[in-house]
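# What the coordinates show
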Amino acid sequence: MDRCVVSIDLGGSHAAVAVVQGAKLLASREIELDHAQDLRPVLDIFANAVRELLRELQIPAKDCLGLALGFCGLADGRIGRVISTNKKYEDAPGIDFNEWSMRELGLRFAIENDARMALLGERHAGAAHGYDNVVMITLGTGIGGAALIEGKLLRGKHAQAGCLGGHLPAKVGGRLCTCGAVGCSEAEASGWALPIMAKEWKGFEHSALAQREKIDFRALFELAKAGDRVALEIREYCLQVWATAAVGLIHAYDPELIVIGGGVMRSANVILPHIQQFVNEHAWTPWGKVKIVAAELGNHAGLFGAEPLLTGNV
Ligand SMILES: [Zn+2]
């Protein structure tokens, strides 16, 4: 029987703390972190949440395999540290997580970038089960990426290989990205770029989008479905950016499967056929066709990446 693991998925504005066993989520807590700046105070919140969950489940910490943290920035699972952050939790590179975890909870610690964790999770218990060559794309506020090649998570010398899939260039002379590059797929078609793009779009002021308080993918896909011209044009543009990114990722990492996650996959019925067709027509894969599928484990796929990460089976 699989041993329990404690798993934390840390995003920019919230976190999930959970106890997981195999493909089962035994218990979890959602924690709002909108106003958090530094990570050290948040670790105290995590430690308390873990103690509470284990107490409720009546599982002693010593029966758990360890604690794994999926981090929303560059992290190196091999040395258990955060390498670089993006405007939040900037104290994270100075934290000795293993020391914290052992001291507070008596749990062995492992860390990885959140997109890599999501890929490990989908492979362990979701859409990529049974595959050794996989690219994961998460479409959210930003665009996350991760690659698994011949069963091994791609990390690279500086721990940034594979997880910058959203920062492959999609447009020459495009928008300046938060990463410093220009025209990244994230800067052209992500949650943060969408309102900026919409307001610059020709005819925006006459679009139903202009009436929305919040311009997000939910509003975009809803209004496009209703036939709003500007929403349709922007949706088409985003689909093209994502499909172009998918071909780039195929040429870079040679996957047999691309798993796409993120809240926008509520509209998978529109997104998947578009990307699959573009990939069929434009990717150079003489061996066959790369399959494009939706993630199965939802927002917190990363929680299920804890076990493979802690067992070193990646
Ligand atoms: Zn970028």
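Residues numbered from 1 in each chain as written. Predicted model: local features only at pLDDT ≥ 70, side-chain atom pairs only at ≥ 80, totals over all residues. Heavy atoms only, no water.

### Considerations on the sheet that holds strand β1 (residues 4-10)
Keep this limit in mind: By definition, two strands form a pair when at least two bridges between them are found by DSSP. In this description a helix means any DSSP run of H or I spanning at least four residues, a strand means any run of E spanning at least two, and both kinds are numbered starting from the N terminus. Convention adopted: a line fitted to C-alpha atoms gives each axis, helices being fitted over their contacting stretch, and angles between N-to-C directions are expressed from 0 to 180 degrees. Here a residue-residue contact requires only that any non-hydrogen atoms of the pair lie within 4.5 Å.
Strand order in the open sheet made by the 5 strands is β3-β2-β1-β4-β7, with mixed pairing throughout. Where the open sheet ends on each side, the last strands, each with one partner, are β3 (24-32) and β7 (109-113). Looking at each pair of strands side by side, their axes are set apart by 15° on average, direction ignored. Sheet contacts for helix α2 (residues 97-105): β4 (64-71) and β7; angle to β7, the most-contacted strand, approximately 135°. Running over the sheet, helix α3 (residues 114-125) touches β1, β4 and β7 and is turned about 105° from β7.

### Some points on the sheet that holds strand β9 (residues 143-149)
Strand order across the open sheet formed by 5 strands is β10-β9-β8-β11-β12, with mixed pairing between neighbours. Every other strand in the sheet has two partners, leaving β10 (152-153) and β12 (291-294) as the edge strands with one partner each. In this sheet, β10 lies alongside β9 in antiparallel orientation, the contact comprising 2 bridges. The residue of β10 that forms the bridge with isoleucine 149 is lysine 152. Against the sheet, helix α7 (residues 229-253) contacts β8 (134-139), β9 and β11 (257-261), and its axis sits at roughly 155° relative to β8. This element, helix α8 (residues 268-282), spans β11 and β12 of the sheet and lies at about 165° to β12.

### Some points on unusual backbone geometry
Most of the time, phi is negative for any residue but glycine, and the peptide bond is trans. With a phi close to 55°, glutamine 58 is a non-glycine residue in the positive phi region. Considering the arrangement of structural elements, one finds glutamine 58 in the loop between α1 (40-57) and β4. If you check the backbone angles, alanine 159 has positive phi at about 65° while not being a glycine.

### Considering the domain arrangement of the chain
Note the following rule: The split of the chain into domains comes from an automatic or database domain assignment. Using a 1.4 Å probe, buried area is obtained as the accessible area two parts lose upon being combined, added over both of them. Should a side-chain nitrogen of Lys or Arg be within 4 Å of a carboxyl oxygen of Asp or Glu, the pair is scored as a salt bridge. Side-chain atoms alone can form a polar contact between residues adjacent in sequence; in general such a contact is a pair of N or O atoms within 3.5 Å, and within protein one must be able to donate a hydrogen while the other accepts it.
Its domain assignment divides the chain into domain 1 (4-121 + 300-311) and domain 2 (130-295). Computed over C-alpha atoms only, the centres of domain 1 and domain 2 are separated by 27 Å. Each partner contributes to the interface: domain 1 provides 16 residues, whereas domain 2 provides 19 residues. With both chains or domains summed, domain 1 and domain 2 bury close to 1,300 Å², and 65% of this area falls on carbon and sulfur atoms. Contact with domain 2 buries surface across domain 1, with Arg78, Arg116 and Leu119 losing the most and accounting together for 48% of the total. Taken together, domain 1 and domain 2 are joined by 1 salt bridge. Among the salt bridges present, the one from glutamate 112 reaches arginine 155, with a minimum N-O distance of 2.6 Å. The interface formed by domain 1 and domain 2 holds 5 residue pairs in polar contact (both at pLDDT 80 or more) in total. The element contributing the most residues to the side of domain 1 that touches domain 2 is α3, with 5 residues.

### Points about the coordination of the zinc ion
Worth spelling out the cut-off: Water is absent from the atoms considered, so a metal site may look incomplete; donors are defined as N, O and S atoms within 2.8 Å of the metal, or 3.2 Å for Na, K and Ca. Under the classification used here, a metal with four donors is tetrahedral if each angle lies between 85 and 135 degrees, square planar if opposite donors are over 155 degrees apart and the others between 65 and 115, a six-donor metal meeting that same test is octahedral, and anything else is irregular.
The zinc ion binds to the protein through His167 (ND1), Cys177 (SG), Cys179 (SG) and Cys184 (SG), with metal-donor distances spanning 2.0 to 2.3 Å. Around the zinc ion sit 4 donor atoms; with metal-centred angles ranging over 103 to 123°, the donor geometry is tetrahedral. When the donor residues of the zinc ion are listed from N- to C-terminus, their spacing reads H-x9-C-x1-C-x4-C.

### A look at the pairing of β11
To keep things clear, this is the line we draw: Note on exposure labels: buried denotes an accessible area under 20% of the residue type's maximum, exposed denotes more than 50%, and partly exposed covers the range between, all computed with a 1.4 Å probe on protein chains only. Seen with the strands pointing away from the viewer, any crossover whose path from the first strand over the helix to the second strand runs clockwise is right-handed.
Judged by how many residues are buried, β11 sits mostly within the fold: 5 of 5 residues are covered. On β11, burial covers both faces: Leu257, Val259 and Gly261 on one face and Ile258 and Ile260 on the other are all buried. For β11 and β12, the ladder comprises 4 bridges, and the chain directions are parallel. By the bridge assignment for β12, isoleucine 260 is matched with alanine 294. This β-α-β element, β11 to α8 to β12, shows right-handed connectivity.

### A short note on the pattern of salt bridges
Applying the stated rule across the entire model yields 13 salt bridges. A salt bridge links arginine 123 to aspartate 132, with the nearest nitrogen and oxygen atoms 2.5 Å apart. Assessed through its relative accessible area of 35%, aspartate 132 is described here as partly exposed. Here glutamate 222 ties to arginine 212 by a salt bridge, and the two come within 2.8 Å at their closest N and O atoms. Here arginine 212 lies in the loop between α5 (193-200) and α6 (217-225) and glutamate 222 lies in helix α6, a separation of 10 residues in the sequence. Among the ionic contacts, a cluster of salt bridges with common partners joins Arg51, Glu99, Arg103 and Glu104.

### So, the environment of isoleucine 292
Inspection of the secondary structure assignment puts isoleucine 292 in strand β12. For isoleucine 292, a relative accessible area of 7% translates into the label buried. Leaving out residues up to four positions away in the same chain, isoleucine 292 has contacts with Ile258, Ile260, Leu272, Ile275, Gln276 and Val279.

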